[in-house]
Amino acid sequence: MATHDIAVATARVRPALQVSTNAWLLAALVLSVGWLIVPPLAILAYGSVTDTPPAVAPHFTLDTLHYAYARQRIWSALWRSTLYAASTASLVLIIGGFLAWLVERTDSRVKAFADLFALAPILMPSVLLISGWILLLGPKSGMINLIARDWFGIAGPVLDIYSFWGMVWVGTLQELPLAFLWLWPAFRAMNPDLEEAAQVAGAGFLTTLRRITLPILRPTIVGAWIIFFIYSLGALSVPLLIGLPAKIFLYSTEIYLAYRRVPSDLNIASAYSLMFLLVTVVSIWAYRRATRDASRFVTVTGKAYRPRLIRLGRWHYASTTLGIVLLLLVAGLPLFVLVWNAFLPYPQAPSFASIKLLTGRNFAAALDYEPAKRAVVNSLVLGVGAGVIATVLGALIAWLSLRMKSARGWVALVDQLATAPLAIPGMIFGVGLAWLYLVLPVPIYGTRWILLLAYVAIHLPFAVRICLSGLSQLHPELEEAGAVAGAGWLTRMTRIVLRLAAPSLVASMLYVALRAFREYAASIFLTAPGTEVFAVLVLDMWEGGNSNILSAYVTMVMALLSVLAIVFNRVGRRLGVSA
Amino acid sequence: MISVRDVAKRFDAGTERVHALDGVGFVVESHSFFTLLGPSGCGKSTLLRCVAGLETPDAGEIDIGVQPVFSSARGINLPPNRRRIGMVFQSYAIWPHMTVFQNVAFPLEVQRRPDVRARTLAALEVVGLASMADRYASRLSGGQQQRVAFARAIVAEPDVLLLDEPLSNLDAALREQMCAELRKLHERLRLTTLYVTHDQGEALSLSDQIAVMRDGRFVEVATPEALWNAPRTIFAAQFLGGANILAGEAQHASGGAIVQTGFGVLRTTHVASGPVSVFVRPENVSLVPPGEGPNRFSCALVGQRFQGDTRNLELRLPNGGPVLRSRTRTGALPAGGAVTIEILPEHVEVLREGDR
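Residues numbered from 1 in each chain as written. Chains lettered and ligands numbered in written order. Predicted model: local features only at pLDDT ≥ 70, side-chain atom pairs only at ≥ 80, totals over all residues. Heavy atoms only, no water.

## Details of the overall build of chain A
Keep this limit in mind: Per the convention used, a helix needs a DSSP run of H or I reaching at least four residues, while a strand needs a run of E reaching at least two, with both numbered from the N terminus. When we talk radius of gyration, it's over C-alpha atoms, and the globule rule is simply 2.2 Å times the number of residues to the 0.38. In this scheme, a residue with accessible area under 20% of its type's maximum is buried, one over 50% is exposed, and one in between is partly exposed, where area comes from a 1.4 Å probe on protein chains only. In what follows, a contact means two residues having at least one pair of non-hydrogen atoms within 4.5 Å. Method for areas: the Shrake-Rupley scheme with a 1.4 Å probe, in which residue coverage is limited to the protein chains shown. Working convention for charge: Lys and Arg count positive, Asp and Glu count negative, and His plus the chain ends are omitted. Here the site of a charge means NZ on Lys, CZ on Arg, CG on Asp, or CD on Glu.
A count of helices and strands for chain A gives 25 helices and zero strands. Here the C-alpha atoms of chain A give a radius of gyration of 26 Å, agreeing with the 25 Å that 2.2 N^0.38 yields for 579 residues. If you line up chain A on its principal axes, its C-alpha atoms span 95 × 75 × 50 Å. Counting all 579 residues of chain A, 51% fall into the buried class. For chain A, restricting intrachain contacts to residue pairs at least 6 apart in sequence, the fraction spanning at least 24 positions comes to 77%. Of the accessible surface of chain A, which amounts to about 26200 Å², a share of 69% is contributed by carbon and sulfur atoms. Of the side-chain charges in chain A, 43 are positive and 25 negative, and the distance between the mean point of each set is 6 Å.

In structure tokens:
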């Protein structure tokens, strides 16, 4: 094949443009995506075997690794992190799985508001959920504890968020909507005939569940557990907002503390990060193994299923109550307490007296705080920028992996590079990028550009997936018809592909923008005065601020986000209709 | 004119390389209708897509008119958008975000041709869709989409027209109607046409020439009549009309030859001698009243299938041997009963090339 790709000049004909366009595109993507993903991770190894700060002639030594891993402290942090992540992953899977089962396989009324679970994480960035729960369960000023004191006269706090199980509680609520969204399609795709066959054979409900349903869903469940284990392990917000004040140090906290130490110890932070990367690689390997023979469990066929729904009967009320309670826990209560506190001068249990205290001063104070305003603007600009860039890259990668027939190995490489960040904790990217651009003579450290790089890299997997699902709907003959009609590559792209895939491209842009807006795990290592971003600023405000002003601030931001989400949704839908 | 010489293409299928095209060559004369016919996977669509430039052959040469569009030796590979072709796809590939008019006008627009509006309307007139110009193409029926696809393929007056199983997504009645229309359009426009199908009926009724393909090679190229009446190969004889093939030994006889086959001694009006393959079309195996005569056999009925206008019978000599298929008009016959058949000597055809 390669010989035909070489341009041979003839008088009348030019060689195929199409082949070389794709080849150039692929080369550009290999380089750009490779540059986004590989160096920030590779430099962690460099940092671990030196003991000199960046931008200084390196001194190579094994002391850094020795110092990092010789102490008991880091191993107990790793153990606590593992315990935290395992507990969280197990809890979200049990609750999320049960909810998915209720929605998909029973006649529960929870179905009616199942979509709200999908919306909850969009409306409630994790730093806000955690903030809300601190305001609810804080030992001194948490609303639930205040209500217990004022209404029922209980002196000590009934529940204290600042504990290991408090962390697991918030961590679970934070990932519950995602777990539900992850498992819902699995339940939907499962062929009910398989269960009905067991029942016809004489198996009861529990026997069917144990012998048929769970074994069939096993690859999905194990795979989801591993994913949520990695997510919880890499999460930084709960360990910082709750763990740090409670003096419960997790592994991610240790990385952050090493970085935050004065002078900052990036070598130790890198050495710690390496272990994280190792755990991630092992987890991905385990994930691949678990889902390897998922095809053996393929349960969907061409037939359209109308699953027979299990009648709940008198359990209806229980299931509806459960749905409402869960919705209150993941969004309703934290939302309420944030808005309530936004209007109060200091934390208060709701009472007639407190209503008289309501004030708008917090809003004025928040609006006066320059970094707060800057952070919102920065996050919006960076979110939109990352959304556009990630979507362009994601769409091109998705298109090539669907259409390019040659160089499949390279296409697969780009695809794997682009989806790798799915399993790599954001904070690892933060540490790596900070190192990289302190070493390289590219002056973007401390600017918005480094945050943009981080956001694009972290969210690229989502962009690729959304674009892939959109583009795979397009029959290749639609583009081939364009080529035959005489349209060149660019014309086909702009007049056919782009127009037909517009709804999913807009969805990808919006999704990445919203996720980037709340990103904190990488940002916390990359922001500087002047380049504050929203989620990191919320973390900072908890450290040394007034929780009522913070509430007013996040209330305004949530309102802004909701409006923007609605507007974008309208625009996207209009594009979707006309296309 | 389309000229294809020694075109080869291989695909990676897991570890082994599969020949999709194995040194194929043919010429489609200007203004004629040439059909590639074969079972699925025989390489016919790949060949068409190589002519279109949608696939790149590993070797060979392709000219459209006097223009070389592909040559592995000279390093020429013109992209599809510069080959001046029109093509109708199996899925029609009507762009759902454009109206009928916009779909058909697209080739004129991107090729920067003048008189876009007039030519587009003229093309829509040809396929009888002028009144639907402003409809969104996705709201059309299968037959209408087919017409839009055809109008779009001819609007820019291409040098050649490529049709990739265009009728396979239509139901039987509509397929019949479109087939007749396609032939009429061809007679009117006289575009050099390359057509791909697995349906022998379409191939026979549309084509000037048919190439029967198997495993990436041409088995036989001939006019529809020649291919039907006097195929040279077993594959072509069986693929078109499902003929009964019998191997045998021929001897000269007065008025033709007699052939000793597994089904007894068959008399034929054709001249042959030595080892040969003969074939008999099922519709030429007729039921007759019991009695003696040349090419008359008393057989056991081993199977029957009602087909509507005809009945398919499977017959075997009482003492065993090969199964002979007959297609005839008759009522239901008693299962396992005995029947007498006759094959007229002029219907016992001799394959010239036998097995290949």
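## What about the overall build of chain B?
Along its length, chain B carries eight helices and 21 strands. Judged by the C-alpha coordinates and their principal axes, chain B covers about 75 × 50 × 45 Å. Residues classed as buried in chain B amount to 53% of the 356 residues present. Contacts in chain B between residues at least 24 apart in sequence constitute 64% of all its contacts with a sequence separation of at least 6. When the accessible surface of chain B is summed, it comes to about 15200 Å², and 49% of that surface belongs to carbon and sulfur atoms. Where the 37 positive side-chain charges of chain B centre and where its 37 negative ones centre are 4 Å apart.

## Describing helix 16 (residues 361-368) of chain A
In an α-helix, one turn spans 3.6 residues; hence positions three or four apart end up facing the same way. Residue and element names in this part refer to chain A. Heads up, the condition is: Summarising the geometry, the arc corresponds to the directions from the helix axis toward the C-beta atoms.
Of all the residues in helix 16, the buried ones are Asn362, Phe363 and Ala366. Along the axis of helix 16, the buried positions cluster into a sector of 100 degrees, meaning they face one direction only. Residues Arg361 and Asp368 are exposed on helix 16 and point more than 90 degrees away from its buried face.

## Let's talk about the sheet that holds strand 11 (residues 217-222) of chain B
All names here are of chain B. The following threshold applies: Strand pairing is assigned whenever DSSP identifies at least 2 bridges connecting the two strands. All axes here are fitted lines through C-alpha atoms, helices being fitted over the stretch that makes contact, and every angle between N-to-C directions spans 0 to 180 degrees.
The six strands lie next to each other as 7-8-9-3-10-11, forming an open sheet whose pairing is mixed. The sheet is open, and its two borders are formed by strand 7 (85-88) and strand 11, each paired with just one other strand. Taking each pair of neighbouring strands and ignoring which way they run, the sheet shows an average axis angle of 20 degrees. In the sheet, strand 7 pairs with strand 8 (residues 160-164) via four bridges, with the strands oriented parallel. Each residue of the ladder has a partner; that of Ile85, found in strand 8, is Val160.

## Re the pairing of strand 10 (residues 209-214) of chain B
Residue and element names in this part refer to chain B. Pairing analysis gives four bridges linking strand 3 (residues 33-37) to strand 10, with the strands arranged parallel. Counted as the bridge partner of Leu37 is Val212 from strand 10. In this sheet, strand 11 lies alongside strand 10 in antiparallel orientation, the contact comprising five bridges. Residue pairing for strand 11: Ile210 is matched across the bridge by Ala222.

## A closer look at the packing of aromatic side chains
For clarity, the cut-off: When the centres of two rings from Phe, Tyr and Trp lie within 6.5 Å, Trp using its six-membered ring, the rings pair. Their planes under 30 degrees apart give stacked, over 60 give edge-to-face, and anything left gives tilted. Over a ring means this: the NZ of a Lys or the CZ of an Arg is within 6 Å of the ring centre and within 35 degrees of the ring normal.
The full count for this structure, using the stated rule, is 27 aromatic pairs over all chains. Residues Phe180(A) and Trp184(A) carry aromatic rings whose centres are separated by 5.1 Å and whose planes lie at 25 degrees to one another, so their mutual orientation is stacked. On the criterion of helical spacing, the pair formed by Phe180(A) and Trp184(A) is a turn pair, its members being four residues apart in helix 8 (residues 164-189). Note on Phe180(A): relative accessible area 0%, which makes it buried. According to the relative accessible area criterion, Trp184(A) is buried, its value standing at 14%. Cation over ring: Arg71(A) sits above Tyr67(A), and NZ or CZ is 4.9 Å from the ring centre. Directly above the ring of Trp95(B) sits Arg152(B), whose terminal nitrogen or CZ lies 4.2 Å from the centroid.

## Quick notes on the environment of Asp150(A)
Residues and elements named next belong to chain A. By the secondary structure assignment, Asp150 is in helix 7 (residues 143-152). When its relative accessible area of 42% is taken as the criterion, Asp150 is described as partly exposed. The spatial distance from the C-alpha of Asp150 to the C-alpha of Ser351 is 9.3 Å, given a sequence separation of 201 residues.

## Section: the confidence of the model for chain A
Residue and element names in this part refer to chain A. Rules: For every residue, the predictor states its confidence as a pLDDT score lying anywhere from 0 to 100.
Here chain A shows a mean pLDDT of 82. Residues at 70 or above account for 92%. A low-confidence stretch, residues 1-18 (pLDDT under 50), is modelled with 35 contacts involving residues beyond four sequence positions or located in other chains. In this model, residues 298-304 is a region of pLDDT below 50 whose contacts with residues beyond four sequence positions or in other chains number eight contacts.

## What to know about the interface of chain A and chain B
Rules: Note on terms: buried area is the combined drop in 1.4 Å-probe accessible area of two parts once they are placed together, counting the loss on both. The term salt bridge refers to a side-chain nitrogen of Lys or Arg lying within 4 Å of a carboxyl oxygen of Asp or Glu.
With 31 residues of chain A at the interface, the matching set in chain B holds 41 residues. Across the chain A to chain B interface the summed buried area is about 3000 Å²; carbon plus sulfur atoms make up 59%. Counting every contact that joins chain A to chain B gives two salt bridges. As a salt-bridge pair, Arg495(A) and Glu109(B) come within 2.9 Å of each other at their nearest N and O atoms.

## A word on the sheet that holds strand 18 (residues 311-317) of chain B
Within a sheet, neighbouring strands are paired by backbone hydrogen bonds and run either parallel or antiparallel to one another. Residue and element names in this part refer to chain B. Sheet architecture is open: five strands sit in the order 16-20-17-18-19, paired in antiparallel fashion. The sheet is open, and its two borders are formed by strand 16 (286-288) and strand 19 (320-328), each paired with just one other strand. Adjacent strand axes in the sheet meet at a mean angle of 50 degrees when their direction is disregarded. Bridging between strand 17 (residues 296-306) and strand 20 (residues 338-342) involves five bridges; their strand directions are antiparallel. In the strand pairing of strand 20, Phe297 is matched with Ile341.

## Thoughts on the packing of helix 20 (residues 448-471) of chain A against helix 22 (residues 489-517) of chain A
Residue and element names in this part refer to chain A. Here is the rule: For classification purposes, angles smaller than 35 degrees are called roughly parallel, those larger than 145 roughly antiparallel, those between 65 and 115 roughly perpendicular, and all remaining angles oblique. Note on convention: near helix rotated counterclockwise from far helix by under a right angle means a left-handed crossing. Clockwise means right-handed. Residue polarity is assigned by list, with Asp, Glu, Lys and Arg as charged and Ala, Val, Leu, Ile, Met, Phe, Trp, Tyr, Cys and Pro as nonpolar; anything else, Gly included, falls into the polar class.
Between helix 20 and helix 22, the shortest axis-to-axis distance is 9 Å and the interhelical angle comes to 150 degrees. On the basis of the axis angle, helix 20 is roughly antiparallel to helix 22. Crossing of helix 20 over helix 22 shows right-handed handedness. Only Val497, Ala501, Ser504, Leu505, Ala507, Ser508, Tyr511, Val512, Arg515 and Ala516 of helix 22 make contact with helix 20, whose side of the interface consists of Tyr455, His459, Phe462, Ala463, Ile466, Cys467, Gly470 and Leu471. Of the residues in the contact of helix 20 with helix 22, the class split is 13 nonpolar, four polar and one charged.

## Details of the confidence of the model for chain B
With 97% of its residues at a pLDDT of at least 70, chain B reaches an overall mean of 89. Reported for the predicted complex are a pTM of 0.80 and an ipTM of 0.80.

## Structural notes on the environment of Ala85(A)
Residue and element names in this part refer to chain A. Residue placement: Ala85 occurs in helix 4 (residues 72-105). You can call Ala85 buried: its relative accessible area is 0%. For Ala85 and Thr172, which are 87 residues apart along the polypeptide, the C-alpha to C-alpha distance reads 9.5 Å. The residues contacting Ala85, other than those within four sequence positions of it, are Phe229, Ser232 and Leu233.

## Things to note about the pattern of salt bridges
Residue and element names in this part refer to chain B. For the coordinates displayed, the defined rule picks out 20 salt bridges over all chains. A salt bridge links Asp22 to Arg217; the nearest nitrogen and oxygen atoms lie 2.9 Å apart. Note that Asp22 is positioned in strand 2 (residues 16-28) and Arg217 in strand 11, a separation of 195 residues in sequence. Of the residues examined, Asp22 reaches a relative accessible area of 25% and is grouped as partly exposed. Note that Asp208 and Arg183 form a salt bridge whose closest N and O atoms lie 3.4 Å from each other.

## Describing the nonpolar core
Which entries qualify depends on this criterion: Put simply, a nonpolar core is a bunch of buried Ala, Val, Leu, Ile, Met, Phe, Trp, Tyr and Cys residues held in one set by side-chain atoms that sit within 4.5 Å of each other.
Counting residues in hydrophobic clusters, the biggest one holds 209 residues, and the most contacted among them are Phe525(A), Tyr553(A), Leu162(B) and Leu194(B). Of all the elements, helix 20 of chain A adds the most residues to this core, at 13 residues. Apart from residues lying up to four places away in sequence, Phe525(A) is in contact with Leu236(A), Ile255(A), Tyr256(A), Tyr259(A), Met427(A), Gly430(A), Val431(A), Ala434(A) and Tyr445(A). Counting 36 residues, the second largest nonpolar core, distinct from the first, contains Ala105(B), Leu124(B), Val148(B) and Cys179(B).

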